[in-house]
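An overview of the molecular structure
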Amino acid sequence: ADIIDGVSHTFNEFLLIPRLTTKDCTHGNISLTTYLTKVSDKCDLDAMRLNIPMVSAAMQSVSDARMAIALAQEGGLSFIYCSQSIEEQCKMVRSVKLYKAGFVASDTTLSPKDTVATAMRLRAKTGHSTIAITENGCNNDILVGLVTSKDLRLSRIDPNDSLDKYMTPIDKLVVAYEGISLHEANDIIWRHKLNCLPIIDRNKRLKYLTFRKDYDASKKYTSQLVDAQKRLMVGAAINTWDYMDRVPALIDAGADILCVDSSDGYSEYQFDAIKMIKNKYGDKIKIGGGNIVYPDAFNYLVEAGADFVKVGIGGGSICITREQKGIGRGQASAIIDIARERDALYQRTGVYIPICADGGIVHDYHISLAIAMGADFVMLGRYFARFDESPGKKTHIGNQVVKEHWGEGTKRSANWSRYLDTGRPDIIFEEGVDSFVPYVGGLDENLQITLAKLKSAMISCGAKTINDFQKNALLTIVSPSSIVEGGAHDLVSRPMME
Ligand code: MZP
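Cut-offs used in this document
Residues numbered from 1 in each chain as written. Predicted model: local features only at pLDDT ≥ 70, side-chain atom pairs only at ≥ 80, totals over all residues. Helix = DSSP H or I, 4+ residues; strand = E, 2+ residues; numbered from the N terminus. Contact = placed C-beta atoms within 7 Å. Axes fitted to C-alpha atoms, helices over the stretch in contact; angles between N-to-C directions. Parallel < 35°, antiparallel > 145°, perpendicular 65-115°, else oblique. Left-handed = near helix turned anticlockwise from the far one by under 90°. Nonpolar A, V, L, I, M, F, W, Y, C, P; charged D, E, K, R; others polar. UniProt positions renumbered as here; feature names shortened; annotations may be inferred. Buried ≥ 20, exposed ≤ 12 C-beta atoms within 10 Å, placed from the backbone. Pairing = 2+ DSSP bridges. Near = placed C-beta within 6 Å. Core = buried A, V, L, I, M, F, W, Y, C linked by C-beta atoms within 7 Å. pLDDT = per-residue confidence, 0-100.

Examining the environment of alanine 273
Note that alanine 273 resides in helix α7 (residues 268-281). A C-alpha to C-alpha distance of 24 Å links alanine 273 and isoleucine 335, two positions 62 residues apart in sequence. Other than its neighbours up to four places away in sequence, alanine 273 contacts Thr240, Tyr243 and Val260.

Here we look at the packing of helix α11 (residues 364-372) against helix α14 (residues 443-460)
Their axes nearest at 9 Å, the elements α11 and α14 cross at an angle of 45°. With respect to their mutual orientation, α11 and α14 come out oblique. Regarding α11 and α14, the two cross each other, and that crossing is right-handed. Facing α11, whose interface residues are Asp364, Tyr365, Ile367 and Ser368, α14 presents Thr450, Lys453, Leu454 and Ala457. Classifying every residue of the contact of α11 with α14 gives 4 nonpolar, 2 polar and 2 charged.

Points about the UniProt feature "binding site: K(+)" (unreviewed entry) in the protein
Under the UniProt annotation, the feature "binding site: K(+)" (unreviewed entry) is placed at Gly314, Gly316 and Cys319. Within the secondary structure, glycine 316 sits in the loop between β17 (308-311) and α9 (321-325). Those residues within four positions of glycine 316 in sequence are excluded, and the remaining contacts are Gly359, Gly360, Gly381 and Gly407. Looking at cysteine 319, the number of C-beta atoms within 10 Å reads 23, which means it is buried. Apart from the residues within four sequence positions on either side, cysteine 319 is in contact with Gly314, Gly359, Gly407, Glu431 and Gly432.

Looking at the sheet that holds strand β23 (residues 434-438)
One open sheet accounts for 3 strands, arranged β21-β22-β23; its pairing is antiparallel. Here the strands that pair on one side only, and so sit at the sheet edges, are β21 (394-397) and β23. The mean angle between the axes of side-by-side strands here comes to 50°, regardless of whether they run parallel or antiparallel. Both β21 and strand β22 (residues 400-406) contribute to a ladder of 4 bridges, which runs antiparallel. Across the sheet, the residue bridging to isoleucine 397 is glutamine 400, located in β22.

A short note on helix α8 (residues 295-304)
Buried within α8 we find Ala297, Phe298, Tyr300, Leu301, Val302 and Ala304. For α8, the secondary structure elements touched by its buried residues are α7, β16 (286-292), β17 and α10 (331-349). Positive backbone phi, approximately 120°, marks glycine 305, located one or two places after α8.

A few points about the site of the ligand
Neighbouring the ligand are 25 residues; Gly316, Gly381, Gly407, Gly409 and Gly432 lie closest to it. Elements supplying a minimum of two residues to the shell around the ligand: β20 (377-380) and α12 (382-385). Split by residue class, the shell around the ligand holds 8 nonpolar, 13 polar and 4 charged.

Here's the deal with the nonpolar core
Counting 103 residues, the largest nonpolar core has Ala236, Ala375 and Val378 as the members making the most contacts within it. For this core, the element with the most residues is helix α1 (residues 65-74), which contributes 7 residues.

Notes on the UniProt feature "active site" (unreviewed entry) in the protein
The feature "active site" (unreviewed entry), as given by UniProt, occupies Cys319 and Arg418 in the numbering adopted here. Tracing the backbone through its elements, the reader meets arginine 418 in the loop between α13 (411-414) and β23. In this structure arginine 418 comes out as exposed when scored by C-beta crowding, with 10 C-beta atoms within 10 Å.

Re unusual backbone geometry
With the exception of glycine, the majority of residues adopt a negative phi angle, and the majority of peptide bonds are in the trans configuration. At the junction of glycine 290 and asparagine 291, the peptide bond is cis and its omega measures out at 0° in the coordinates. Within the element layout of this structure, asparagine 291 appears in strand β16. The phi dihedral of aspartate 490 is positive, around 55°, even though this residue is not glycine. Along the polypeptide, aspartate 490 turns up in the segment after α16 (480-486).

Some thoughts on the confidence of the model for the protein
Low-pLDDT stretches of the model should not have their predicted coordinates read in fine detail. Overall, the prediction assigns the protein a mean pLDDT of 82, with 75% of residues at 70 or greater. This stretch, residues 133-159, has a pLDDT under 50; its non-local contacts, to residues over four places away or in other chains, come to 50 contacts. The low-confidence segment residues 213-226 (pLDDT under 50) makes 35 contacts with residues lying over four places distant or belonging to another chain. Here the predicted complex carries an ipTM of 0.99, next to a pTM of 0.79.

Some thoughts on the sheet that holds strand β15 (residues 257-260)
Read around the barrel, 8 strands follow the order β5-β6-β14-β15-β16-β17-β19-β20 and close on themselves; strand pairing throughout is parallel. Mean inter-strand twist for the sheet, computed between neighbouring axes without regard to direction, equals 25°. Here β16 pairs with β17 via 4 bridges, running parallel. When the sheet's bridge partners are listed, glycine 288 is paired in β17 with phenylalanine 308.

What about the packing of α7 against α8?
One way to put it is that α7 packs onto α8 with a least axis distance of 8 Å and a crossing angle of 30°. The orientation of α7 relative to α8 falls into the category roughly parallel. On the side of α7, the interface is formed by Gln270, Phe271, Ile274 and Lys275, while α8 contributes Tyr300, Leu301 and Ala304. Residue composition of the contact of α7 with α8, by class: 5 nonpolar, 1 polar and 1 charged.

Pasting the structure below:
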């Protein structure tokens, strides 16, 4: 066997050295915009960008439609997991695409019937066009109740239809939140960045929400919106065994970008999948590959046609691949080496392939380190699983509030395909664990703190853009004792107060 030079390092073993902070390097002047897909010197019009360098992991416990809507509104992106049937995944993608098209998903506590009834009642009271969207729990179709001032139409979304057919422009919108307090209504408007005003009754209870015509949410918020359609962007994961059916269905549902989800992306299966998709759809469809940890695999996936490459094997919070198979590499070393290969490719060809640092981000500052090491954006599972918007159930362990978080390499995640004829290989042993993460509240409030820390690190390093940060960062490897020195130390703990 060959042994590669040097030790394989993790994020914890690095720190950033400050560079000159110039006076114009302020929070307000920093751009976190980054490339998501391949860009060439000759033309970057076609490249997709993120407004913040963070995407959520394609995992059952992380990225469903609710998370995708919340994160896209912050300027990031979710990859909806593929460990579910094609129909279920497309349904999630559709919900995200419908969201900013003037539709608001109904409160899930209301039944489909009640949602439609509420919309009709409010239309009768207010004379405004109203709309209710809800899911039909019986057969998992999306049931759309459309109430306009002229007619009432109820229709099922046909998965084979273009979504445009269902995009009826409306300027007044009523959602089924009638009767909640003004405070709760404002909270919903604020959290979901709705383009709406609350109209309340005498008792300060919500009557309905109405669009504010003069207001363009895309100007105020760094929403991740696609060009003129004002719809949120959403990604979808695919696998290498049913992609021939899954990809066309996802494209039709409106997925903006795809990513092959695999713990080991250096395979002929993945090469063939990316190549076939690129041959069939050309550059209209963007697709990422991975995961990999060494430059040879990077070149292989780029040759297949990957628009970005995901780096990381065995570093995920729920991952036991290294213990089970002895496969993987310290995440910092993997990113540094592959970023160098990516930069060399760019020097040679003028083609830049963004890389995503996937897994093992434990502290907020690890995001800064990953980017300084050359990643263009990071993918996080555990981080997002802790928020209200993640699909995991909230529960208690002792006094602590926690949320469920489980790996895609667990039998739990694979269970969806057990009774279906999917062609999915059986899981003989698990590469992930089924666990919990501490619950920390809503995505927005926590994300703002994380982004503030990232910007502060960039300011200390004199960088106003992600590109500056990657180019100018100076990193140092730290000794175990300097890690101890970096935390609070040599203090007497404050006694617990009543
Ligand atoms: P983390 O942010 O929770 O540390 O890591 C998330 C990443 O772990 C995912 O994006 C994926 O690459 C990886 N993952 C997901 N499931 C497993 C598993 O079951 C896994 N082994 O390694």
